[in-house]
Amino acid sequence: MGLIIKNASYIVTCTDSILDGVIENGYIIIKDGLIKSIGTGVIPDCLCDKNIEIIDAKGKTVTPGLVDCHTHLVHGGSRENELPMKLSGVPYIKILESGGGILSTVRATRELSKEQLKDKARKSLDQMLIHGTTTVEAKSGYGLDFDSEIKCLEAAKELNIEHPVDIVSTYMGAHAIPPEFKGNNKGYADFMIKDVMPYIKENGLAEFADIFCEDGVFSVAESEYIMKKSKELGFKLKIHADEIVPLGGGELAAKMGAISAEHLLAVSEQGINDMADANVTAVLLPGTSFYLMTGKFAPARKMIENGVRVAISTDYNPGTCPTENLQTIMTFACFGMKMTPLEIIKGMTINAAYAIGRENEIGSIEIGKKADLVIFDSPNVNYIVYHFGINHVDKVVKGGKIVANNGILK
Ligand code: NIG
Ligand code: FE
């Protein structure tokens, strides 16, 4: 069985080879879940086959399936109770220091069974999919003790098999210091390194290790120690860097050979240059900037000008960005960081694929890549970003099959 998408007003290929990565009046031919051919105008007869389903995409825009490369998918509870505190100006780190924030989600996550966590995360995956996300990175980090972290990572592993959205897992035990280790960062670091990470590796529960390097959480020295040990254990590295305070997280990401550094609202010039030199992808999270209420966004333009690859993601989590919808994030990326709609689409497709090491399989519309595609009911790319707060997705194609149609999962 195959699928043809024809007459698309625009196909945003997200490759560098075709003009700006955009084809007008285009078609895509899909077979066996892969992209077989791409072109413009009328489809040559020799490429058609009787058993092929045809979608007429006249007036529509086709992009690669969106890749949400930074989420905290599996967790319990919600944090709307923090709104009054946020409105009265209590800083994010102060809420955490008083036992709230991440630690309140840790309590809620520990209370739930794996099945309950999966039920909640499944609903989020459904939302992601109907809004165009076909691959998601999922970080642990709301369990913190051995059993709860493993429970969350197993939930993600099982959902990867059960749900059409592909899930790439990251261990983020270094998200906060759990109450059991309060005041003993080194003890907690060694617990992760000796007791938790070897088990995760042996059981194939995570490919990446992430760390929250921030004043009041993990210092640069502690982060470097944990990153070094994670690398020795075979994890690829990610880091929540320079989110609130400019600590030198961008520089550390480059020094340690991390695949990505994320947040970067307060990154230094040196950090930007180091990241460009070391080919570290910047994962920017403008929904979180909006939600932190500080009015500060990451310097995306400066990074792009300096040759840093910029990916954009939701940071879906219960504290600083409770949304699964990457389309809303597109608007924040444009209005908050002055990125163009094309830069944003690339940031959520090919550049996001780089951030999770999947750039050879997904993230662009190229022959031989997986047929993960989104058909937007939008005459051009700018319109998706401009008309915000609604779902523009007409259809989502995952591995060559239509999995969502007009907001309904198939
Ligand atoms: O990426 N910055 C640290 N971690 C998450 C937020 C976690 C939370 O507040 O629950 C983030 O923004
Ligand atoms: Fe995050």
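All values reported here derive from a predicted model rather than from experimental measurement.

J.: How would you explain the pairing of strand 5 (residues 61–64) if you had to name every residue and give the values?
T.: Relative to strand 5, strand 1 (residues 2–12) is paired through two bridges, and the arrangement is parallel. Bridge assignment links Ile 11 to a residue of strand 5, and that residue is Val 62. Strand direction decides the pairing type here: strand 5 and strand 14 (residues 373–376), joined by four bridges, are antiparallel. In the sheet register, Thr 61 faces strand 14, and the bridge partner there is Phe 376.

J.: Before we move on, can you summarise the site of ligand 1 with the specific residues and values?
T.: Taken together, 15 residues lie around ligand 1, and Tyr 92, Tyr 142, Glu 243, Asp 315 and Thr 320 are the ones closest in. Here an oxygen atom of ligand 1 sits 2.5 Å away from a polar atom, N or O, in the side chain of Tyr 142. One nitrogen or oxygen atom from the side chain of His 240 is found 3.0 Å from an oxygen atom belonging to ligand 1. Across the shell around ligand 1, the residue classes tally to four nonpolar, eight polar and three charged.

J.: Please give an account of the domain arrangement of the protein chain that cites residues and values.
T.: Often, the extent of an interface is quoted as the loss of accessible area upon association of its parts. For the protein chain, the assigned domains are domain 1 (2–64 + 365–409) and domain 2 (66–355). Taken together, the contact between domain 1 and domain 2 spans 29 residues of the former and 20 residues of the latter. Of the roughly 2200 Å² buried where domain 1 meets domain 2, counting both sides, 69% is carbon and sulfur surface. Inspection of the region where domain 1 meets domain 2 yields two salt bridges. Inspection of the domain 1/domain 2 interface yields eight residue pairs in polar contact (both at pLDDT 80 or more). Each residue belonging to the side of domain 1 that touches domain 2 can be placed in one class, and the counts come to 17 nonpolar, six polar and six charged.

J.: Account for the nonpolar core, with residues named and values stated.
T.: Membership of the largest hydrophobic core comes to 100 residues, with the highest contact counts inside it found for Leu 284 and Met 303. Two domains share this core, each providing at least three of its residues, namely domain 1 (2–64 + 365–409) and domain 2 (66–355). With sequence-adjacent residues up to four places away left out, Met 303 is seen in contact with Leu 264, Val 267, Ile 272, Ala 282, Leu 284, Ala 298, Val 308 and Val 310.

J.: Can you tell me about the packing of aromatic side chains, naming the residues and giving the values?
T.: Two descriptors summarise a pair of aromatic rings, namely the distance from one centre to the other and the angle between the planes of the rings. This structure, assessed with the given rule, holds seven aromatic pairs. Here Tyr 383 and Tyr 386 contribute two aromatic rings whose centre-to-centre distance is 5.7 Å and whose plane-to-plane angle is 45°, an arrangement assigned as tilted. Note that Tyr 383 and Tyr 386 are positioned in helix 15 (residues 381–386) at a spacing of three residues, about one turn of the helix. An aromatic cluster is defined as three or more aromatic residues linked by ring pairs; in this entry it consists of Phe 181, Tyr 188 and Phe 191. Of note, Lys 238 hangs over the ring of Phe 208, and the distance from its end group to the ring centre comes to 5.1 Å.

J.: Describe the coordination of the iron ion (ligand 2), with residues and values.
T.: Taken together, His 70 (NE2), His 72 (NE2), His 240 (NE2) and Asp 315 (OD) make up the protein donors of the iron ion (ligand 2), found 2.0 to 2.3 Å from the metal. Here the donor residues of the iron ion (ligand 2) share one chain and are spaced in sequence as H-x1-H-x167-H-x74-D. Note that His 240 is positioned in strand 10 (residues 236–241) and Asp 315 in the loop between strand 13 (310–312) and helix 12 (326–337), a separation of 75 residues in sequence. A relative accessible area of 1% places Asp 315 in the buried class.

J.: Outline helix 6 (residues 185–202), listing residues and values.
T.: Look at helix 6: 25 Å from first C-alpha to last across 18 residues, which is about the 26 Å you get at 1.5 Å a residue. Residue Val 196 marks the point of greatest curvature in helix 6, where the axis turns by about 40°; the proline Pro 198 follows within four residues. Buried within helix 6 are the following residues: Asn 185, Tyr 188, Ala 189, Asp 190, Phe 191, Met 192, Ile 193, Val 196, Met 197 and Ile 200. Lining the buried residues of helix 6 we find helix 5 (146–162), strand 8 (166–174), strand 9 (208–211) and helix 7 (220–232).

What counts, and where the lines are drawn
- Residues numbered from 1 in each chain as written.
- Chains lettered and ligands numbered in written order.
- Predicted model: local features only at pLDDT ≥ 70, side-chain atom pairs only at ≥ 80, totals over all residues.
- Heavy atoms only, no water.
- Pairing = 2+ DSSP bridges.
- Helix = DSSP H or I, 4+ residues; strand = E, 2+ residues; numbered from the N terminus.
- Near = heavy atom within 4 Å.
- Polar contact = N/O pair within 3.5 Å; in protein donor to acceptor, adjacent residues only side chain to side chain.
- Nonpolar A, V, L, I, M, F, W, Y, C, P; charged D, E, K, R; others polar.
- Domains from an automatic or database assignment.
- Contact = heavy atoms within 4.5 Å.
- Buried area = accessible area lost by both parts, 1.4 Å probe.
- Salt bridge = Lys/Arg side-chain N within 4 Å of Asp/Glu carboxyl O.
- Core = buried A, V, L, I, M, F, W, Y, C linked by side-chain atoms within 4.5 Å.
- Buried < 20%, exposed > 50% of the residue type's maximum accessible area, 1.4 Å probe, protein only.
- Phe/Tyr/Trp six-rings, centres within 6.5 Å; stacked < 30°, edge-to-face > 60°.
- Lys NZ or Arg CZ within 6 Å of the ring centre and 35° of its normal.
- Donors = N, O, S within 2.8 Å, 3.2 Å for Na, K, Ca; no water.
- Expected span 1.5 Å × (residues − 1).
- Bend = angle between axes of the 7 residues up to and from the residue.

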